[in-house]
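What follows is the residue order along each chain.
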Amino acid sequence: MDIACFDDLLAAARAQPEPQRLLLVFSAADCESDASADQRSAHAAGEGGVLRPLMCVDKDPAELADFAALCREANEAGPPWTLMFAAALAGRADAAEVQRTLELLVKRVETGEFGGLIPFNTAGEAVRLNA
């Protein structure tokens, strides 16, 4: 499955035979307080730094019209974000399982373990992160 943008993910989730929950972690790039001058310069140019999770949410794909609607909701609910990481949870999960999985995803973003997550920029485009 080729996911080039968030709306592709939304369409793929809606097409699955099992119910899906989209698990979303919104994050912002930050510069460490002990960063060197070169690191600060790179961060100012949009490179480097660390990702800090800001908020997370789970969504039924049927609840979302498109990426623009999700952005409006996110912008009303929390601070400005840089990257959103998405994963899907298939089947009928209870609220406790969804919450546990969201907490795990937040920890993975904090530690840079992005395997199985799709990062999207603020335009809704899937991006590739450099290690």
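Residues numbered from 1 in each chain as written. Predicted model: local features only at pLDDT ≥ 70, side-chain atom pairs only at ≥ 80, totals over all residues. Heavy atoms only, no water.

### Looking at the environment of serine 27
- Tracing the sequence through the fold places serine 27 in strand S1 (residues 20-30).
- For serine 27, a relative accessible area of 0% translates into the label buried.
- Separated by 23 residues in sequence, serine 27 and alanine 4 have C-alpha atoms that sit 19 Å apart.
- If we ignore the near neighbours within four places in the chain, the residues touching serine 27 are Leu51, Arg52, Pro53, Leu54, Trp81, Thr82, Leu83, Phe85 and Val109. (Helix = DSSP H or I, 4+ residues; strand = E, 2+ residues; numbered from the N terminus. Buried < 20%, exposed > 50% of the residue type's maximum accessible area, 1.4 Å probe, protein only. Contact = heavy atoms within 4.5 Å.)

### Side note on the layout of surface pockets
- In this structure, the second largest pocket occupies an estimated 190 Å³ of space.
- Looking at the second largest pocket, it is lined by 15 residues, and the ones nearest its centre are Pro19, Gln20, Arg21, Asp60 and Pro61.
- Put simply, the parts of the chain that give the lining of the second largest pocket at least two residues each are helix H1 (6-15) and S1.
- Across the lining of the second largest pocket, the residue classes tally to six nonpolar, three polar and six charged. (1 Å grid on protein atoms, 1.4 Å probe; cavity = no way out; pocket = protein on both sides within 12 Å on 5 of 7 lines; lining within 4 Å. Points joined across faces, edges and corners; volume = space filled by probe spheres on them. Nonpolar A, V, L, I, M, F, W, Y, C, P; charged D, E, K, R; others polar.)

### Let's talk about the environment of serine 41
- Mapped onto the secondary structure, serine 41 falls in helix H2 (residues 37-44).
- With a relative accessible area of 47%, serine 41 lands in the partly exposed category.

### Some details on the pattern of salt bridges
- Here the structure, examined in full by the defined rule, presents four salt bridges.
- When the shortest N-O distance is used, the salt bridge between aspartate 60 and arginine 21 registers 4.0 Å. Of this pair, aspartate 60 sits in the loop between strand S2 (50-59) and helix H3 (67-77) while arginine 21 sits in strand S1, placing them 39 residues apart in sequence.
- Salt-bridge contacts for aspartate 30 lead to arginine 52; the nearest nitrogen and oxygen are separated by 3.2 Å. Of the two residues, aspartate 30 is situated in strand S1 and arginine 52 in strand S2; the sequence distance between them amounts to 22 residues.
- The exposure class of aspartate 30 is partly exposed, given its relative accessible area of 33%. (Salt bridge = Lys/Arg side-chain N within 4 Å of Asp/Glu carboxyl O.)

So far we have only geometry, and geometry alone does not tell us how the molecule works.
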